[in-house]
Structure formats: C-alpha cells, structure tokens
Amino acid sequence: MEYTINNTYRVSDTGEISVDANGLNFLIIYGKHINGWFIAIPNHGISTEAAHPADDVFHNMEKLSAVSDVNVRNAASSIAKAIKKHWEELQK
C-alpha cells in the first residue's frame, strides 16, 4: 500500500484524567491540535472536536452528547465539567 504523509503537526496543551461518573470510568485525553481542541475517550472509542477547556462547558457537553456511545452521552455534563476543572488546576 502506498501512502504519503503530507504534513506533521504538534499536539499541545494536553491533559489526561480518569473520571468516574454514573458508575463507569472514563479515561479522558484532551488537547489542542492544528484546527482547534479535541476530547478523546479511548476506553469508550470516542474522539470529538471540542472548545477550549476553560471557555465553554456547554459546547463540550453538547459535542459529547452527540457521540454514539450512550454511556458517554449520559456522562457528558460530568466529563465536560471535569475537563474544565482539571484545566484550571493545571493553569495554577
């Protein structure tokens, strides 16, 4: 199989946290990529675009509420709040 890597980019401002919500565990990795921010939840097979962690809990909750995993959808508010809190703690 032939392929070409066109560009490489650096992911920055990353954070990784483990959050328990609704009786489940969510391993969350978030950060900044070339086109904005992202949230990944590898142990649930989820990745989505996101807002800056400190800017908009509602936007991040909405993005997580739209994913296919019902457990992530049900915990979206808790996950978005945990990301914001973690980000704010990192900035101290």
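These numbers were taken from a predicted model, which means no experiment stands behind them. (Residues numbered from 1 in each chain as written. Predicted model: local features only at pLDDT ≥ 70, side-chain atom pairs only at ≥ 80, totals over all residues. Heavy atoms only, no water.)

As defined by bridge partners, strand E1 (residues 12-21) adjoins strand E2 (residues 24-33) across 8 bridges and the pair is classed as antiparallel. Within E2, the residue paired with Glu 16 across the bridge is Ile 29. In textbook terms, the turn of a hairpin is the stretch between consecutive antiparallel strands, and for E1 and E2 this stretch comprises 2 residues, one of which, Asn 22, has a positive phi near 55°. (Pairing = 2+ DSSP bridges. Helix = DSSP H or I, 4+ residues; strand = E, 2+ residues; numbered from the N terminus.)

Moving on, we come to the sheet that holds E2. Strand order in the open sheet made by the 4 strands is E1-E2-E3-E4, with antiparallel pairing throughout. The sheet is open, and its two borders are formed by E1 and strand E4 (46-50), each paired with just one other strand. Going from strand to strand, the sheet's axes swing by 20° on average, the running direction of each strand aside. Inspection of the sheet shows strand E3 (residues 36-41) paired to E4 by 5 bridges, in the antiparallel sense. For Phe 38, the partnering residue across the bridge sits in E4 and is Glu 49. In the packing of helix H1 (residues 57-65) onto the sheet, contacts are made with E3 and E4, and the angle to E4 comes to roughly 145°. Relative to the sheet, helix H2 (residues 70-90) contacts E1, E2, E3 and E4, its axis offset from that of E2 by approximately 55°. (Axes fitted to C-alpha atoms, helices over the stretch in contact; angles between N-to-C directions. Contact = heavy atoms within 4.5 Å.)

Here we take up the nonpolar core. Ranked by internal contacts, the top residues of the largest apolar core, which has 23 residues, are Phe 26, Ile 28, Ile 39, Ile 41, Val 72 and Ile 79. For this core, the secondary structure elements donating two or more residues are E1, E2, E3, E4, H1 and H2. Setting aside residues up to four positions removed in sequence, Phe 26 forms contacts with Ile 17, Ser 18, Val 19, Ala 21, Ile 41, Asn 43, His 44, Asn 71, Val 72, Ala 75 and Ile 79. (Core = buried A, V, L, I, M, F, W, Y, C linked by side-chain atoms within 4.5 Å. Buried < 20%, exposed > 50% of the residue type's maximum accessible area, 1.4 Å probe, protein only.)

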